[in-house]
Amino acid sequence: MAMEPAVKVALGTAAFGIFWVLAVFPAVPFLPIGRTAGSLLGAMLMVLLNVITADEAYAAVDLPILGLLFGTMVVSVYLERADMFRHLGRALSWRSQGGKDLLLRTCAVSALASALFTNDTCCVVLTEFILKIARQNNLPPKPFLLALASSANIGSAATPIGNPQNLVIAVQSGISFGDFVFGILPATLVGVVVNAAILLCLYWRELSDDKCVDVSSHHDALPAEVVDEDDVTSHRFSPATMSHPRRGRLPDGSVLPDAAGCHAHCSCDDPVKPASVNGDAKAAPDGVGIHQRRGSAARVTTKEEEDEYCCFNSAEEKEAAMDEEWKNRLWKTCVYVITFGMLVALLLGLNMSWSAITAALALIVLDFKDARPCLEKVSYPLLLFFCGMFITVDGFNKTGIPSTFWEFMEPYARIDTPTGVVILALVILLLSNVASNVPTVLLLGARVAASAAAISPAAETNAWLILAWVSTVAGNLSLLGSAANLIVCEQARRSQQFGYTLSFFSHLQFGFPATLIVTGIGLLLIRSN
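The notes below deal with the structure included here. (Residues numbered from 1 in each chain as written. Predicted model: local features only at pLDDT ≥ 70, side-chain atom pairs only at ≥ 80, totals over all residues. Heavy atoms only, no water.)

**Some points on the overall build of the protein**
Along the backbone of the protein there are 21 helices and four strands. A burial count over the protein gives 52% of its 529 residues as buried. Considering only contacts in the protein between residues 6 or more positions apart, those separated by 24 or more positions represent 75%. Put simply, the protein shows about 23,900 Å² of open surface, and 63% of that area lies on carbon and sulfur atoms. (Helix = DSSP H or I, 4+ residues; strand = E, 2+ residues; numbered from the N terminus. Buried < 20%, exposed > 50% of the residue type's maximum accessible area, 1.4 Å probe, protein only. Contact = heavy atoms within 4.5 Å. Areas by Shrake-Rupley, 256 points an atom, 1.4 Å probe, with all protein chains shown as cover.)

Here is the structure:
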C-alpha cells in the first residue's frame with residue numbers, strides 16, 4: 001500500500017498519537033479523560049480530519065469481536081454468582097504449605113482462571129484476596145502480585161477467549177478454537193512453569209516457609225478482617241469486599257444447633273446452661289440465646305450471634321430454607337453445565353461470537369429474574385474503547401505508514417527461518433509495549449499472515465499463533481504492558497486494609513528478563529496442527 005499525501009499522513013498520525021497517549025497514559029494532566037474517551041476522540045478525529053469517511057469508520061467496527069467479548073463477560077458474571085471464583089480462592093489457601101507453595105498455587109490458579117475467564121477478570125476478582133493472604137501470613141505482597149499478573153497474562157494466551165487480542169486473532173484468522181488451543185497450549189504450560197521458577201529464584205529468601213500458615217484452618221487465630229473462603233467478589237472493576245460468613249455455622253466453625261437446641265427463638269424449654277471457661281462454671285451474660293452441648297459443657301453465644309445464626313421458628317421454615325438451598329445448588333450446576341456447553345461448542349468449531357452470546361442469553365433466561373443487575377456488571381466502557389480503537393487503527397492503516405514499515409521489515413521477519421522468527425518476535429514485543437498489544441495485532445496481523453501464507457498454509461497458522469503468544473506475553477515486560485498489570489497495581493494500591501504500591505521499576509526488574517525468557521521458550525514449542 002502506497003503512502004497517502006503528506007497532509008493526510010500527518011493528520012492521521014496526529015489522531016493516532018492522541019489515541020495512543022490517552023490509551024497508555026489515561027490520566028495525562030492536559031486531558032485526563034481516560035482510555036475510553038481517548039479512544040472515541042481518536043476515532044472522531046480520523047473522521048473529522050477526513051482520514052477516513054464515516055461509512056469506512058462504521059465498517060471498521062468488528063461486530064463479531066464485540067459480540068464474543070460481550071458474551072464472555074456475561075458468562076463470567078454468572079460464574080461469579082455461582083461461586084466459581086470463590087472456589088478458586090479456596091484452592092489458593094486450602095492446606096497451604098508455606099510461602100513457596102502459596103506462590104506456586106497463585107501462578108497455577110491465575111493461569112487457569114485467565115484462560116477460561118480472561119486475564120482482566122481474573123485479576124479483578126483475585127487481587128485483593130491474594131494481597132490479604134500475603135499480609136496475614138507476614139509474607140511480602142510483591143512476589144504474589146507479580147505472580148498473579150504475569151501468570152494471568154501467560155495463561156490467557158492458551159485460548160481465543162483468554163484476552164482481547166486473542167479474540168481479534170481468532171476472528172480474523174478463522175483458526176478453530178481447538179487448533180488454537182492445541183497449537184499454543186504447550187508453550188503456555190511451559191511458560192507458566194518457567195515464570196513461576198523465575199519468581200521463586202528471585203524471591204526464595206523472602207518466601208520463608210515458617211511465616212505462612214494454613215489460612216483455611218486457622219480462622220480463630222486471625223484478626224477480624226480475615227480472609228474467608230467466600231472472600232472473592234464481583235466481576236466489576238472495583239476493589240473486592242469482604243463477604244459475610246455462610247449461614248449454618250457459628251463463627252468458631254461449630255455447627256448450628258437444630259430446632260431442639262435453640263433457646264430464644266425456638267420452642268424449646270430447656271434453659272441456658274452456664275458457660276464453662278477453663279473448667280470453671282460462670283454465669284452466662286445477658287442476651288445469651290443459642291447453646292450447644294459438647295459432652296457436659298454448653299456452647300454459649302451472644303445476642304449478636306443469635307440474631308445472625310438463629311434457628312428456624314418452625315419446621316415449615318426449615319423445610320422452605322432447605323428447598324431454597326436445593327434450588328440454588330441446582331441453578332449453580334446449570335450455570336456450570338451451560339458454560340461447559342459453550343466451551344464444547346467452541347471446540348467443535350461453531351461460531352465463537354454466537355456461541356458466547358447464546359450461552360449468555362441461556363444463563364439470563366435460566367436465572368428467571370431481572371437481568372439488569374448482572375448486565376450492569378459488563379464493562380461497557382471496554383466495548384466502547386474497542387469501537388473507537390477499531391476506527392482509529394483503521395484510519396492509521398490507511399495512511400500507509402504500517403504498510404511501509406512492514407515492507408521494510410518483511411524480508412528480515414519471515415517465519416521460515418529461526419532468525420526471521422526472532423526478528424518478528426522482537427518487532428511484536430516492541431510494538432506491543434509501545435502501541436499496546438491489541439492495536440499491534442490490528443496493525444500487523446493481516447500483513448504477517450499474508451507474508452506467511454506465501455510460504456505455506458501451516459506457516460500462516462503458525463504466524464497467527466506466534467502473534468498471539470508474543471503479543472500476550474509482551475504484556476509482562478512492563479507495568480504498562482497490559483491492562484491486567486494495571487488492574488493488579490491499582491487494586492493493590494487502593495486496598496484499604498492491606499494496601500501496597502507496585503512501582504514501575506520494581507515490576508520491570510522482574511518483567512524484562514522473565515518476558516524475554518518465557519517468550520523465547522514458547523516460540524520453540526508453538527506448532528500448528
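**What about the environment of Asn166?**
Summarising the element assignment, Asn166 is placed in helix α9 (residues 164-173). On the accessibility criterion, Asn166 (0% relative accessible area) is buried. Excluding residues that lie within four positions of it along the chain, Asn166 makes contacts with Ser156, Ala157, Thr159, Pro160, Phe180, Ala468 and Thr472. Within the structure, the side chain of Asn166 is placed 3.3 Å from the backbone oxygen of Ala157, a separation counted as a polar contact. Within the structure, the side chain of Asn166 is placed 2.9 Å from the backbone oxygen of Thr159, a separation counted as a polar contact. (Polar contact = N/O pair within 3.5 Å; in protein donor to acceptor, adjacent residues only side chain to side chain.)

**Digging into the environment of Gly162**
The topology assignment puts Gly162 in the loop between α8 (141-156) and α9. Overall, Gly162 belongs to the buried group, its relative accessible area being 0%. Beyond its immediate stretch of four places on either side in the chain, Gly162 contacts Ser114, Ala115, Thr118, Asn119 and Ser156.

**Considering the nonpolar core**
When a protein is soluble and globular, its nonpolar side chains tend to lie buried together. Among the nonpolar cores identified, the biggest contains 136 residues, and Tyr78 and Trp469 are the most heavily contacted of them. At 12 residues, helix α10 (residues 177-203) tops the list of elements feeding residues into this core. If we skip the residues at most four places from it in the chain, Tyr78 touches Trp331, Val335, Leu363, Ile364, Asp367, Ala371 and Cys374. (Core = buried A, V, L, I, M, F, W, Y, C linked by side-chain atoms within 4.5 Å.)

**Some remarks on the pattern of salt bridges**
Across all of its chains, the model carries eight salt bridges by this definition. Measuring nitrogen to oxygen at the nearest pair gives 2.4 Å for the salt bridge that ties Asp83 to Lys332. Note that Asp83 is positioned in the loop between α4 (63-81) and α5 (84-93) and Lys332 in helix α12 (residues 315-347), a separation of 249 residues in sequence. Here Asp83 and Lys332 have matching classes, each one buried. (Salt bridge = Lys/Arg side-chain N within 4 Å of Asp/Glu carboxyl O.)

**A short note on helix α1 (residues 6-24)**
The end-to-end C-alpha distance of α1, which contains 19 residues, comes to 26 Å, matching closely the 27 Å that a straight helix rising 1.5 Å per residue would cover. Taken as a whole, α1 has its buried residues at Val9, Gly12, Ala15, Phe16, Phe19, Leu22, Ala23 and Val24. Check the buried side of α1 and you find it contacts α2 (34-48), α15 (380-398), α16 (401-409), α17 (418-434) and α18 (437-453). (Expected span 1.5 Å × (residues − 1).)

**Notes on the packing of α8 against α10**
Close contact between α8 and α10 brings their axes to 10 Å; oriented N to C, the two are set at 165°. With respect to α10, the element α8 is oriented roughly antiparallel. Crossing hand, α8 versus α10: right-handed. When α8 is examined against α10, the residues Lys142, Pro143, Leu146, Ala147, Ser150, Ser151, Ile154 and Gly155 are found in contact with a partner set consisting of Thr188, Gly191, Val192, Asn195, Leu199 and Tyr203. Among the residues making up the contact of α8 with α10, the classes are represented as seven nonpolar, six polar and one charged. (Axes fitted to C-alpha atoms, helices over the stretch in contact; angles between N-to-C directions. Parallel < 35°, antiparallel > 145°, perpendicular 65-115°, else oblique. Left-handed = near helix turned anticlockwise from the far one by under 90°. Nonpolar A, V, L, I, M, F, W, Y, C, P; charged D, E, K, R; others polar.)

Honestly, it's all geometry; don't read function into it.
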